[in-house]
Amino acid sequence: MVLKETGREVWVAGLLGAALGAGSLAFGLLAMRCLRGSAKCCRVNPGVQKDCDKVVHSMDTTDLGKKTAFCRCWRSQKFPMCDGTHNTYNEESGDNVGPLIITQQSSS
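Keep in mind the model is a prediction, meaning the values are calculated, not measured.

### With respect to the overall build of the protein
From N to C terminus, the protein includes 2 helices and 2 strands. When the helices and strands of the protein are read in sequence order from the N terminus, they spell out α-β-α-β. Surface exposure of the protein reaches about 9,300 Å², of which carbon and sulfur atoms provide 57%.

So this is what it looks like as structure tokens:
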């Protein structure tokens, strides 16, 4: 069976095809832009030792006091030690990050 198409049906089909193609292109470009830009915007470390491939700190347990707080927000000016900067960061970003606190247990 052969269906006879009118000029209007061809025009509507072409318009729908063009709209679908344009929508797909716009969605693809938006997705690519979000994915490409996300690597920089989602970095945890904003500025600590950026000249190094990897930030690594080690400490001997004898260097720790009775209670030591380590930074986990990467914004401390005393990194790797916590200086309380996470409080301001949390207020600005809505995050809830805090320090890692290590307490020396008394020997019994």
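Still more ground to cover, so stick around.
### Observations concerning the state of the cysteines
If you walk through the whole model with that rule in mind, you get 0 disulfides. Counting only cysteine sulfurs, Cys71 is the nearest neighbor of Cys73, a cysteine outside any disulfide, at a range of 3.8 Å.

### A few points about the environment of His86
Within the fold, His86 resides in helix H2 (residues 85–93). Sequence separation between His86 and Pro99 is 13 residues, and the spatial gap between their C-alpha atoms is 7.9 Å. With residues up to four places along the chain from it excluded, the contact list for His86 reads Cys73, Val97, Gly98 and Pro99.

### Some thoughts on the side chain of Asn90
Mapped onto the fold, Asn90 is located in helix H2. We classify Asn90 as buried; its relative accessible area is 15%. When neighbours within four sequence positions are excluded, Asn90 is seen to be in contact with Asp95, Asn96 and Val97.

### Looking at the nonpolar core
With 5 residues, the main nonpolar core is built from Val48, Cys71, Cys73, Phe79 and Val97. Cys73 has contacts with Val44, Thr85, His86, Tyr89 and Val97, leaving out every residue within four places of it along the chain.

Conventions used here
Residues numbered from 1 in each chain as written. Predicted model: local features only at pLDDT ≥ 70, side-chain atom pairs only at ≥ 80, totals over all residues. Heavy atoms only, no water. Helix = DSSP H or I, 4+ residues; strand = E, 2+ residues; numbered from the N terminus. Areas by Shrake-Rupley, 256 points an atom, 1.4 Å probe, with all protein chains shown as cover. Disulfide = S-S within 2.5 Å. Contact = heavy atoms within 4.5 Å. Buried < 20%, exposed > 50% of the residue type's maximum accessible area, 1.4 Å probe, protein only. Core = buried A, V, L, I, M, F, W, Y, C linked by side-chain atoms within 4.5 Å.

In short, the description is geometric, and any link to function would need to be established separately.
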